[in-house]
Amino acid sequence: MRKTTLVAAGAALVLTLTACSGNTTGTAAPAGESQASGSSGLASPFTDAVQLASASKQGTENSKSAKFSMEGSVAGQTLSVNGVMAFDGANTKFSMTSTAAGETTEMRMVDKVMYIKLPAAQQQQMGTDKAWAKISADGTDPISQAMGSAMSQSAEQSDPSKILDQISKTGRIISSDQTELNGEQVNHYKVELDVAKAIDQFTSQVPESARAQLTDKLKGKDVKIPAELWLNKDNLPVQVTMDQTAMLKALGMPGGTESKFTMKYTDWGTQVDVAAPPAEQVVDLGELMKKAGR
């Protein structure tokens, strides 16, 4: 398997909900002062980040699932993802397709195991007739140890409530207004996340072996991450954007490196049926890489 497939798959998963960048227009209203919403049922925007996060988190925990899509870029690489996910912490499951570095990858996560579909050319290259490779979060081989834990943690981070936790602990509302997004009346918030307030929150997706080094690089630096949220009348996120460029620069990434993403959610509460591929079509990625001498 070419490394780009693993990198693309891992990056897409990690980013499926640190999320995003995007804009919409609307007439600004002071936070806490609702514009006329007619029959939309839209309440006044919150003025406090903790209250905002608490209300939205309650909505996502009640709904438990959604369809999603993501568009963005990191370190000059564009990413596109779409799929469906049931949010359940460590037991999160999903089915998604990502496109990165010119490659399209299908992934599933069920029972804490990640399955990545192998294109025919890569099956031939790796000497296998199996259509799927698996990575276990608790695997002992180097590949699983390097990627399994990060993927498992990233799946948990894909739960919007995790971003909402970040907002409640490190964020403040810069401004709010009420507008229309995709034909739906929504509350729109611009927020700012202060990395110094909870560095561990922003490095939780990184493998433990590298986490201490990244934490040291961020300590003492005034890093702010701008984000925007669009919430419907049920306080469910319909769009989230984030710009992590400042954090990449603080970590010593080359000048001009950007990390911006837009995440969209639809069909909250949708039925999510994700099954592991048939056992006869699955090969352990660690064992496959070992046989190939990688």
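Quantities reported herein were computed from a predicted structural model and do not represent experimental measurements. (Residues numbered from 1 in each chain as written. Predicted model: local features only at pLDDT ≥ 70, side-chain atom pairs only at ≥ 80, totals over all residues. Heavy atoms only, no water.)

Bringing the packing of aromatic side chains into the picture now. For the structure shown, the criterion picks out 2 aromatic pairs. Between the aromatic rings of Phe 87 and Trp 268, the centroid separation amounts to 5.8 Å while the plane-to-plane angle is 40°, which identifies the pairing as tilted. Taken as a pair, Phe 87 in the loop between strand S3 (77-86) and strand S4 (93-100) and Trp 268 in the loop between strand S12 (259-266) and strand S13 (282-284) lie far apart in primary sequence, 181 residues in all. (Phe/Tyr/Trp six-rings, centres within 6.5 Å; stacked < 30°, edge-to-face > 60°. Helix = DSSP H or I, 4+ residues; strand = E, 2+ residues; numbered from the N terminus.)

In this section: the pattern of salt bridges. For the structure shown, the criterion picks out 9 salt bridges. Glu 106 is the partner of Arg 108 in a salt bridge, and the nearest nitrogen-oxygen pair spans 3.8 Å. Where Lys 233 meets Asp 234, a salt bridge forms, and the shortest distance between an N and an O atom there is 3.7 Å. For Lys 233, a relative accessible area of 48% translates into the label partly exposed. For Asp 234, a relative accessible area of 44% puts it in the partly exposed group. Salt bridges sharing common partners tie together Asp 194, Asp 222 and Lys 224. (Salt bridge = Lys/Arg side-chain N within 4 Å of Asp/Glu carboxyl O. Buried < 20%, exposed > 50% of the residue type's maximum accessible area, 1.4 Å probe, protein only.)

Turning our attention to the pairing of S4. If a strand is regular, its side chains alternate between the two faces of the sheet. Burial of S4 is one-sided: the residues Phe 94, Met 96, Ser 98 and Ala 100 facing one way are buried, the residues Lys 93, Ser 95, Thr 97 and Thr 99 facing the other way are not. Pairing of S3 with S4 involves 8 bridges; the strand directions are antiparallel. From the neighbouring strand, Val 81 faces S4, where its bridge partner is Ser 98. What sits between the antiparallel neighbours S3 and S4 is a turn of 6 residues, in which Gly 89 has the positive phi angle 55°. Here S4 pairs with strand S5 (residues 103-110) via 7 bridges, running antiparallel. Counted as the bridge partner of Met 96 is Met 107 from S5. With antiparallel pairing between neighbouring strands as the criterion, S4 and S5 make up a hairpin whose turn holds 2 residues, including Ala 101 at a positive phi of roughly 55°. (Pairing = 2+ DSSP bridges.)

If you want to describe how two helices pack, look at the angle between their axes and the distance between the axes. Axis separation between helix H2 (residues 49-63) and helix H5 (residues 160-170) bottoms out at 8 Å; the angle between their running directions is 165°. Between H2 and H5, the crossing angle belongs to the class labelled roughly antiparallel. Handedness of the H2/H5 crossing: left-handed. Counting all contacts with H2, which are made through Ala 49, Val 50, Ala 53, Ser 56, Lys 57 and Thr 60, the residues of H5 involved are Pro 160, Ser 161, Leu 164, Asp 165, Ile 167 and Ser 168. Class assignment of the residues belonging to the contact of H2 with H5 gives a composition of 6 nonpolar, 4 polar and 2 charged. (Axes fitted to C-alpha atoms, helices over the stretch in contact; angles between N-to-C directions. Parallel < 35°, antiparallel > 145°, perpendicular 65-115°, else oblique. Left-handed = near helix turned anticlockwise from the far one by under 90°. Contact = heavy atoms within 4.5 Å. Nonpolar A, V, L, I, M, F, W, Y, C, P; charged D, E, K, R; others polar.)

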